Amino acid sequence: MPATRRVWPPRDAKPLLVNQLVRLHKISEQEDPRPPEDEMALLWYSNDDDRQAWSAALRRLEPDLDIRVHTDPGNIGDIEAALVWLPPPGMLAGLPNLKAIFSLAAGVDAMLGDPSLPADVPLCRMIDRSLTDGMTEFVLARVLHYHRDMHIYAAQQRRAEWKLHLPRPPFERRVGVMGLGELGTATARRLVANGFSVSGWSRSRRDVEGVTCHAGSEAFGTFLEDVEIVICLLPLTKETEGLLDDRFFRALPEGAFLVHVGRGRQLVPGALLGALESGQLAAATIDVTPDEPLDPASPLWRHPGIDITPHTASYCHPTTAAENVIANLRRLRRGEPLEGVVDRSRGY
Ligand code: NDP
Ligand code: OXD
């Protein structure tokens, strides 16, 4: 696993001009002529994912899949799909027959931040059961941590203090999930299965069994006033950027907890620190930060009420995620609607 993930701009991204790609194509045609094929080729690119593991997983499902890499793209006219994370600006725009872009991540805010991303080619976000399971597992672990007072016992241990806090039953613990999409819905369900009293908030109305669902900005206050542990699983958009601000923390019941696993720029760090100082917030788990990696000088590292994890809540595993990519590739070949297409006007 790389040291940092899903960062924007990519660490070593240099714009790749169309003529560079065409030149690569010409060179590789001279050196490695490929027979013309009916099957569409897939371009793979990421600095944050394991190419060997992905190639193996894709070829396990489709042994003859023509996978190209940008350093040896062959005839770029064959490339009709791209499985990528933060390709260098211009790379995808230089592919004349590109019909679909498959993101290696669920959150596509960084991909959409590239103005050269072809506007007329569908962008599909990652949907993957290992990504979903990993997220529900991470959130459940953090909810159980706070619910069973582990943050208090950790502090007590440092003081050699033996003091019991009577545990509350989970049905009395109100947990709220912001975002009821692929990850939020599965997370809410897992919390329900563990006996918690769960509510959720989304843009449009959702119906999740066992979950009290709220929708729209007008319902945000009502949702927040009733949650003791709030989970942020929203995509980063114009509407959600900076949403976790002073007003947000003030709207929660006093002594609430935050588990932030959405995107870093949704959080206003000063507001988080203020809420912890005032006791409005008891503790927070911060998996995503406005800049990643988080600056060693950031006060977030040192606040006793904050647990930082390095954007590790969840990760798509090539073995399972390849199934979805291949399924989408087959839909593309058959001319069927693709799964997980991003609505660019909404930003997710
Ligand atoms: P989805 O697109 O499936 O779901 C997004 C949810 O957020 C939807 O329920 C949507 O509402 C809701 N939403 C979006 N905008 C608003 C808004 N303005 N107000 C209220 N609700 C809103 O995304 P996923 O569940 O797949 O992923 C969510 C995010 O999780 C990703 O975008 C990414 O940022 C983050 N993530 C973090 C990881 C980590 O390791 N920390 C790993 C993977 C993802 P509606 O249902 O009405 O559309
Ligand atoms: C994602 C992520 O969005 O890993 O998939 O953060």
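Residues numbered from 1 in each chain as written. Chains lettered and ligands numbered in written order. Predicted model: local features only at pLDDT ≥ 70, side-chain atom pairs only at ≥ 80, totals over all residues.

Draft legend 1. How the structure looks around the overall build of the protein chain. Across its full length, the protein chain carries ten helices and twelve strands. Residue burial in the protein chain is summarised as follows: out of 348 residues, 39% are buried. Residue pairs at least 24 apart in sequence account for 67% of intrachain contacts in the protein chain once pairs closer than 6 positions are excluded. (Helix = DSSP H or I, 4+ residues; strand = E, 2+ residues; numbered from the N terminus. Buried ≥ 20, exposed ≤ 12 C-beta atoms within 10 Å, placed from the backbone. Contact = placed C-beta atoms within 7 Å.)

Draft legend 2. Looking closely at the site of ligand 1. Around ligand 1, the surrounding shell holds 31 residues, and the nearest of these are Gly107, Gly179, Gly181, Leu183 and Pro235. Sorting the residues of the shell around ligand 1 by element identifies helix H4 (129-147), helix H6 (182-193) and strand E7 (197-202) as the ones contributing at least two each. Ranked by the residues each element gives to the shell around ligand 1, the list is headed by H6, at three residues. Looking at side-chain class alone, the shell around ligand 1 contains 14 nonpolar, eleven polar and six charged residues. (Near = placed C-beta within 6 Å. Nonpolar A, V, L, I, M, F, W, Y, C, P; charged D, E, K, R; others polar.)

Draft legend 3. Broad picture of the sheet that holds strand E9 (residues 229-232). Pairing within the open sheet is parallel, and its seven strands lie in the order E8-E7-E6-E9-E10-E11-E12. Edge strands, defined here as strands with exactly one partner in the open sheet, are strand E8 (211-215) and strand E12 (306-308). Here the average twist between neighbouring strands, direction ignored, is 15°. Where E7 lies against E8, five bridges are found, and the strand directions are parallel. Its bridge partner being in E8, Ser202 is matched across the sheet by Ala215. (Pairing = 2+ DSSP bridges. Axes fitted to C-alpha atoms, helices over the stretch in contact; angles between N-to-C directions.)

Draft legend 4. Unusual backbone geometry, seen in detail. For the bond running from Glu292 to Pro293, omega is 0°, close enough to zero to count as cis. Within the fold, Pro293 resides in the loop between strand E11 (281-286) and E12. In the Ramachandran plot, Asp149 falls in the positive-phi region, its phi being about 65° despite a non-glycine side chain. Relative to the helices and strands, Asp149 is located in the loop between H4 and helix H5 (150-158). You will see that Ala160, though not glycine, has its phi angle at about 50°, which is positive. Topologically, Ala160 is positioned in the loop between H5 and strand E6 (174-178).

Draft legend 5. Geometry of the packing of H4 against H6. Interaxial distance between H4 and H6 falls to 9 Å at its minimum, and their mutual angle equals 50°. Taken as axis vectors, H4 and H6 run oblique relative to one another. Between H4 and H6 lies a crossing of right-handed hand. Taken together, the residues of H6 that come into contact with H4 (itself represented by Thr132, Met135, Thr136, Val139, Leu140 and Val143) are Glu182, Leu183, Ala186, Thr187, Arg190 and Leu191. Looking at the contact of H4 with H6 residue by residue, the classes come out as seven nonpolar, three polar and two charged. (Parallel < 35°, antiparallel > 145°, perpendicular 65-115°, else oblique. Left-handed = near helix turned anticlockwise from the far one by under 90°.)

Draft legend 6. Focus on the sheet that holds strand E5 (residues 123-124). With parallel pairing, the five strands of this open sheet are ordered in space as E2-E1-E3-E4-E5. Here the strands that pair on one side only, and so sit at the sheet edges, are strand E2 (67-69) and E5. Sheet topology places strand E3 (residues 79-84) next to strand E4 (residues 100-103); four bridges connect them, and they run parallel. Residue pairing for E4: Ala82 is matched across the bridge by Ile101.

Draft legend 7. Spotlight on the pairing of E3. Of all six residues making up E3, six are buried, and the element is well covered by its neighbours. In the sheet, strand E1 (residues 41-45) pairs with E3 via five bridges, with the strands oriented parallel. Note on E3: the bridge partner recorded for Tyr45 is Val84.

Draft legend 8. Looking closely at the confidence of the model for the protein chain. Per-residue confidence for the protein chain averages 92 on the pLDDT scale, and 89% of its residues sit at or above 70. Every residue in residues 8-19 scores below 50 in pLDDT, and together they form 23 contacts with partners more than four places removed in sequence or on other chains. (pLDDT = per-residue confidence, 0-100.)

Draft legend 9. Inspection of the nonpolar core at higher detail. Core analysis: the biggest nonpolar cluster contains 88 residues, and Ala82, Leu83, Ile229, Val230, Ile231, Val261 and Ala284 have the highest contact counts within it. Take this core: its biggest share by element is six residues, from H4. For this core, the two domains that each supply at least three residues are domain 1 (37-128 + 316-334) and domain 2 (130-308). Excluding residues that lie within four positions of it along the chain, Ile229 makes contacts with Val143, Tyr146, Arg173, Val175, Ala256, Phe257 and Val259. (Core = buried A, V, L, I, M, F, W, Y, C linked by C-beta atoms within 7 Å. Domains from an automatic or database assignment.)

Draft legend 10. Looking closely at helix H10 (residues 318-334). With 17 residues, H10 should cover 24 Å at 1.5 Å per step; its first-to-last C-alpha distance of 23 Å lies within 8% of that length. For H10, the set of buried residues is Pro318, Ala321, Ala322, Val325, Asn328, Leu329 and Leu332. The arc enclosing the buried residues of H10, seen along the axis, measures out at 130°, which places them on a common side. Opposite the buried face of H10, at more than 90 degrees from it, the exposed residues are Arg330 and Arg334. Summarising the contacts, the buried residues of H10 are in contact with E1, helix H2 (51-61), E3, E4, E5 and H4. Once H10 ends, the next one or two residues include Gly335, with phi positive near 75°. (Expected span 1.5 Å × (residues − 1). Arc of directions from axis to C-beta.)

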